[in-house]
Amino acid sequence: ITQGVPFYCSKEIIKKFNGEDVTECDYISEDLYKKVSNEFGVPKENDLLITTRGTIGIPYLYKRTDRFYFADGNLTWIKDFDSNLYSKFLYYWFQSYEGRKKFEALAKGTAQKAVPISGIKTLEIELPSLKSQKRIADILSAYDDLIENNRKQIKLLEEAAQRLYKEWFVDLRFPGHENTKIVDGVPEGWQYEKLGDLVKTTSGGTPSRRKSEYYVNGNIRWIKTKELNDRFIFETEEHITEDAVKNSSAKVLPEGALIVAMYGATIGKIGITAAEMACNQACCAFISFDDMISKEYLYCWLMDNREYLVSQGKGAAQSNLSQEMIRNFSLLCPDKKVIKKFTEIVTTILENKRVLENKILMLSKARDDLLPKLMSGEVEV
C-alpha cells in the first residue's frame, strides 16, 4: 500500500526525533487503522513512543497533528500516565545521561540489541514534584519549539527556491520569456552542456584507520556521506590531522563547496560546507564554476534531479555514482542575464537558510547543556 495511514518503524521515529520529514514509509489501510483503533487504541497527544530495537532509547512525544501507527517489535508505546508523572518530563529524562544509561542497561541480545517491555517496567526514576517536572519540561520544550519554528522557516525557504527553479527552468516562465523564441524545445540562446565542462569536481579520501593518530586531536573537519542531509555543514563527527590529509587522498575543500553523496544510504543528498573541511571518497565536491552556471543554480538542479541521479547509479545491490558519471550529466545553461538574476535571489535564500540552521545548532547545544543540570537539580526551577 502506498497510501492510507503511515506505519512507522524505528527509523521513521528517529527521523522525526531529529526533525526530519518522513518521505517514505509503509502504510496500512484506513480500515485496518480503524479496526486497530477500536480494539487496542492508537497513540494520542503526549503519549510516548521509544525505540526498543537496533538504535535503542530514542523517545518521541506523539503530537496533536500526528496520525500514524507503529511496529510494536521496534517501538514501545508508553501511555496512561500516573498523576505523579508528566509525560514530557519522561521524554526529556530518556534523553538525559542517567536515562540513556539505565535504558541501555536493559538491552538484551548480541547481534541486535533489544529492550523488552518487562525491562522498561522495572525502570526506576527519581521524580521531582509534579510542579518541578512541568517546569523542567516547559524550559526544555521552549528550546524545542524555537528549533521547530526555525525548521518550518527553512522548509519554506527551500520550497521557495525549488518553486522558482521549476517556474523559470522547467516551465520556462523566466523573466522575458514572453519575448523569447523557443528553438528545438529550449529558449533561444540557451544550450545544453555537460556538467564536467562547467564545473570542476573533486572527491576525497579516508586516511588509514590503522593510524589512529590521524584521527586524534585533528583540527580539520572531515565529512562522511551520512552527514550530507541537504543542509549546511558546520561540524563533523570526526576531525583529521594535517598529516592525515598529506598521506591520503582527502583534500581540504573551501568554505561554500557544494557536495553530493555518490553512494551509501544518503546517495543524492547534498551539503554545503560552512567552513574549510575535508571529505571522504564517497563525496563529489563542486569547487569552481564556469560563468555559464552558478553554485546556486546547480544546487537547485541537483535537488530537482535527485531521483534521476540516483536512478543512474550503477550497481544492483546499491546505487553508485562516480565523478565521471556526474561530469557527463547534461544540464541546461540559461542566458547569462537570467542566471545572474536567479543566482541573486537564491543566494539570499541560501544565506537565510544558513543563518537558521546555525541557530538550530546553537539552540540544540544550549538545550543539551541545560538538560543534565535541570535533571540533577544543579539548576533550580
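Just above, that's the structure.
Residues numbered from 1 in each chain as written. Predicted model: local features only at pLDDT ≥ 70, side-chain atom pairs only at ≥ 80, totals over all residues. Heavy atoms only, no water.

**Details of the overall build of the chain**
Right, so step 1: The helix and strand tally for the chain stands at 11 helices and 19 strands.
Right, so step 2: For the chain, the spread of C-alpha atoms along the three principal axes comes to 70 × 55 × 45 Å.
Right, so step 3: A total of 381 residues make up the chain; the buried ones form 45% of that total.
Right, so step 4: Restricting the contact set of the chain to residue pairs at least 6 apart, pairs at least 24 apart contribute 70%.
Right, so step 5: Both charge centroids of the chain, one from 54 positive and one from 55 negative side chains, sit 2 Å from each other. (Helix = DSSP H or I, 4+ residues; strand = E, 2+ residues; numbered from the N terminus. Buried < 20%, exposed > 50% of the residue type's maximum accessible area, 1.4 Å probe, protein only. Contact = heavy atoms within 4.5 Å. Lys, Arg positive; Asp, Glu negative; His and termini not counted. Charge placed at Lys NZ, Arg CZ, Asp CG, Glu CD.)

**Concerning the nonpolar core**
Right, so step 1: By size, the foremost hydrophobic cluster in this structure holds 50 residues, and its most contacted members are Phe-286, Tyr-297, Leu-298, Ile-326 and Phe-342.
Right, so step 2: Elements supplying a minimum of two residues to this core: helix H6 (130-170), strand E15 (258-261), strand E16 (270-273), strand E18 (283-289), helix H8 (295-304), strand E19 (330-333) and helix H11 (336-376).
Right, so step 3: No other element matches H11, which puts 9 residues into this core.
Right, so step 4: Counting 23 residues, the second-largest nonpolar core is a separate cluster that includes Leu-61, Tyr-91, Phe-94 and Leu-374. (Core = buried A, V, L, I, M, F, W, Y, C linked by side-chain atoms within 4.5 Å.)

**Some points on the layout of surface pockets**
Rolling a probe over the atoms, with the probe sized like a water molecule, indicates the empty space that remains.
Right, so step 1: Taken as a whole, the second largest pocket encloses approximately 450 Å³ of empty space.
Right, so step 2: Along the wall of the second largest pocket there are 19 residues; nearest its centre are Thr-76, Trp-77, Ile-78, Ile-117 and Ile-120.
Right, so step 3: Contributions of two or more residues to the lining of the second largest pocket are made by strand E5 (69-70), strand E6 (75-78), helix H3 (87-95) and helix H5 (117-120).
Right, so step 4: At 4 residues, E6 tops the list of elements feeding residues into the lining of the second largest pocket.
Right, so step 5: Looking at the lining of the second largest pocket residue by residue, the class counts come to 13 nonpolar, 1 polar and 5 charged. (1 Å grid on protein atoms, 1.4 Å probe; cavity = no way out; pocket = protein on both sides within 12 Å on 5 of 7 lines; lining within 4 Å. Points joined across faces, edges and corners; volume = space filled by probe spheres on them. Nonpolar A, V, L, I, M, F, W, Y, C, P; charged D, E, K, R; others polar.)

**A short note on empty space enclosed by the protein**
Right, so step 1: Taken as a whole and judged by the stated rule, the model has 1 cavity of 30 Å³ or more.
Right, so step 2: Approximately 30 Å³ is the volume found for the largest cavity.
Right, so step 3: Contributing to the lining of the largest cavity are Leu-157, Glu-158, Ala-161, Gln-162, Tyr-299, Met-303, Ile-349, Leu-350 and Lys-353.
Right, so step 4: Elements supplying a minimum of two residues to the lining of the largest cavity: H6, H8 and H11.
Right, so step 5: In terms of residue class, the lining of the largest cavity is made up of 6 nonpolar, 1 polar and 2 charged.

**Quick word on the sheet that holds strand E2 (residues 26-28)**
Right, so step 1: With respect to topology, 3 strands assemble into an open sheet ordered E2-E1-E5, the strand pairing being mixed. Among the strands making up the open sheet, the edge pair consists of E2 and E5.
Right, so step 2: By the bridge criterion, 3 bridges tie strand E1 (residues 5-8) to E2 in an arrangement that is antiparallel. Each residue of the ladder has a partner; that of Val-5, found in E2, is Ile-28.
Right, so step 3: Sheet contacts for helix H2 (residues 30-39): E1, E2 and E5; angle to E2, the most-contacted strand, approximately 70°. (Pairing = 2+ DSSP bridges. Axes fitted to C-alpha atoms, helices over the stretch in contact; angles between N-to-C directions.)

**Examining the pattern of salt bridges**
Note on pairing: side chains with opposite charge can pair once their charged atoms come close.
Right, so step 1: Taken as a whole, this structure holds 26 salt bridges when the rule is applied.
Right, so step 2: A salt bridge links Arg-306 to Asp-230, with the nearest nitrogen and oxygen atoms 2.7 Å apart. Of this pair, Arg-306 sits in helix H9 (residues 306-312) while Asp-230 sits in the loop between strand E11 (220-223) and strand E12 (231-233), and the two are 76 residues apart along the sequence.
Right, so step 3: Given the relative accessible area of 19%, Arg-306 is considered buried.
Right, so step 4: Of the residues examined, Asp-230 reaches a relative accessible area of 9% and is grouped as buried.
Right, so step 5: Residues joined in a network through salt bridges with shared partners are Arg-209, Lys-224, Lys-226, Glu-237 and Glu-238. (Salt bridge = Lys/Arg side-chain N within 4 Å of Asp/Glu carboxyl O.)

**A look at the pairing of E18**
Right, so step 1: Pairing between strand E10 (residues 199-203) and E18: 5 bridges, direction antiparallel. Residue pairing across strands places Thr-202 opposite Ala-285, the latter belonging to E18.
Right, so step 2: Taken together, the 4 bridges between E15 and E18 define a ladder with antiparallel strand orientation. Bridge assignment links Ile-259 to a residue of E18, and that residue is Ala-285.

**Describing the sheet that holds strand E14 (residues 252-253)**
Right, so step 1: Spatial ordering of the open sheet is given by E13-E11-E17-E14, a layout of 4 strands whose pairing is mixed. Either end of the sheet is taken by a strand with one partner, and the two such strands are strand E13 (238-240) and E14.

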